[in-house]
Amino acid sequence: MTSQVFPEWRDKSLDDALYEVRAMVESSDFEPVQRWRDAGGKVLGHFQVFFPEEIAHAAGILPVKMRGATVEPTSADSHFGSYLCSILKTNLELALSGKIVLDMFVSHPICDAARNLAAIWGRNYDYPCQILYLPQNPNSSGSVEYLTHEYGRIMRKIEEVTGEKVTEEALANSVKVFNENRRLLRELYDIKRETPWLVAAEDAYALVSIGGQIPREEHNELLTWSLAEIKKGTAHKQDRIRVVYEGGFCEQPPMDLIRMLGRTCYLVDDDYLIGMRYITEDVPSTGNSLEDMARSYIETSSYSPVQHDNNKPKERMLVERVQNAKADAAIVSAAKMCEPGLEEQVTYTLALDEKNIPYFVSEFEENQNSFDQLEMQVETFLENLLFA
């Protein structure tokens, strides 16, 4: 399919285009996804954190990142227990309310709550609801071979939905498209680290997030144009503390929270929607794209609280993120009721203490709408650093 599903940003100034991107990201209607369906396309929704979207792309089905939304889970609540994170409920609410209509759903056993999500989803829909089993021990000598076969299994399920065979040529082409996307996202984060005054925190977030609901070719066009325009900016550097935000790997902080942080400091790096940037280098092309993608996941991927890899201790990776961004401090956050995120806060803070890196610990929820108290606490923390 070649029809555009998000044309609103085109032929506008940078400020007006970024407004359109923010508006689309903050909307709970997922209009681009519906436009894709209206044009005859099929949709695969996948839960956080990481999914090999190249496979869906090669099959001609739109991969949509189920990142939750600011909706009340009035219908979904009855399908879950009380003490669970919000994103599980709001994702199902998006489906039950018809805001997102899928042809396939894929989840991951990243925590006790998420491991049951595909089964709960499957009780309500007759389309395939699959679990992608990423390696529990990525340090095993057989992890690449195992993951190659697992990717192949998921690919065959996708082929059943689309009715089309995924060829190696199509998969290799998709890898090229996504390599370009990852390069552009790295360029965006280079701007955040090197000249953060040129791009507002919420604009950088929106430019990443919109890619989760539009074809990657469109996302690449948007990023290519936006980054060139951002670099032309004439804003001047201000006397602000440089901060790394950690804790947005699964459930996403509300946009208003990101705006608040952008008013008080420079967010020079983060793990927002880290799954879209999980592969940190280009996936090579050796003629076996599934194996190339599997090897990249094992050998050149980022980190998150839901992956356990002896070669990538998460606390060391966070310290490196802070140091590489030349940050003055870190905000170590977690979604409410998120066991992996809350547990990792202990390890993170111990590592930051050891390196004498200041940090602020907090929680959030995607439907949170009051930030006055949190803003005051963050401002106090940053002012203590600024005037120390």
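Residues numbered from 1 in each chain as written. Predicted model: local features only at pLDDT ≥ 70, side-chain atom pairs only at ≥ 80, totals over all residues. Heavy atoms only, no water.

> It is not clear to me how the pattern of salt bridges should be interpreted in this structure. Could you clarify?
Side chains that carry opposite charge are capable of pairing whenever their charged atoms lie near each other. Under the defined criterion, the tally for this structure stands at 29 salt bridges. A salt bridge links R263 to E375; the nearest nitrogen and oxygen atoms lie 3.2 Å apart. Remark: E375 occurs in helix α14 (residues 372-386) and R263 occurs in helix α10 (residues 255-264); sequence separation between them is 112 residues. Members of the salt-bridge network, linked through shared partners, are D190, R193, E246, D269 and R321. (Salt bridge = Lys/Arg side-chain N within 4 Å of Asp/Glu carboxyl O. Helix = DSSP H or I, 4+ residues; strand = E, 2+ residues; numbered from the N terminus.)

> Whenever I open this one, unusual backbone geometry confuses me. Can you help?
As a rule of thumb, non-glycine residues mostly have phi less than zero, and peptide bonds are mostly trans rather than cis. Backbone torsion omega between Q48 and V49 reads 15 degrees, so that peptide bond is classified as cis. Mapped onto the elements, V49 comes out in the loop between β1 (43-47) and α3 (53-58). In this structure, F30 is a non-glycine residue whose phi angle is positive, near 50 degrees. Positionally, F30 belongs in the loop between α1 (14-26) and α2 (31-38). Despite not being glycine, L273 has its phi angle at roughly 45 degrees, a positive value. Topologically, L273 is positioned in the loop between β6 (266-270) and α11 (289-299).

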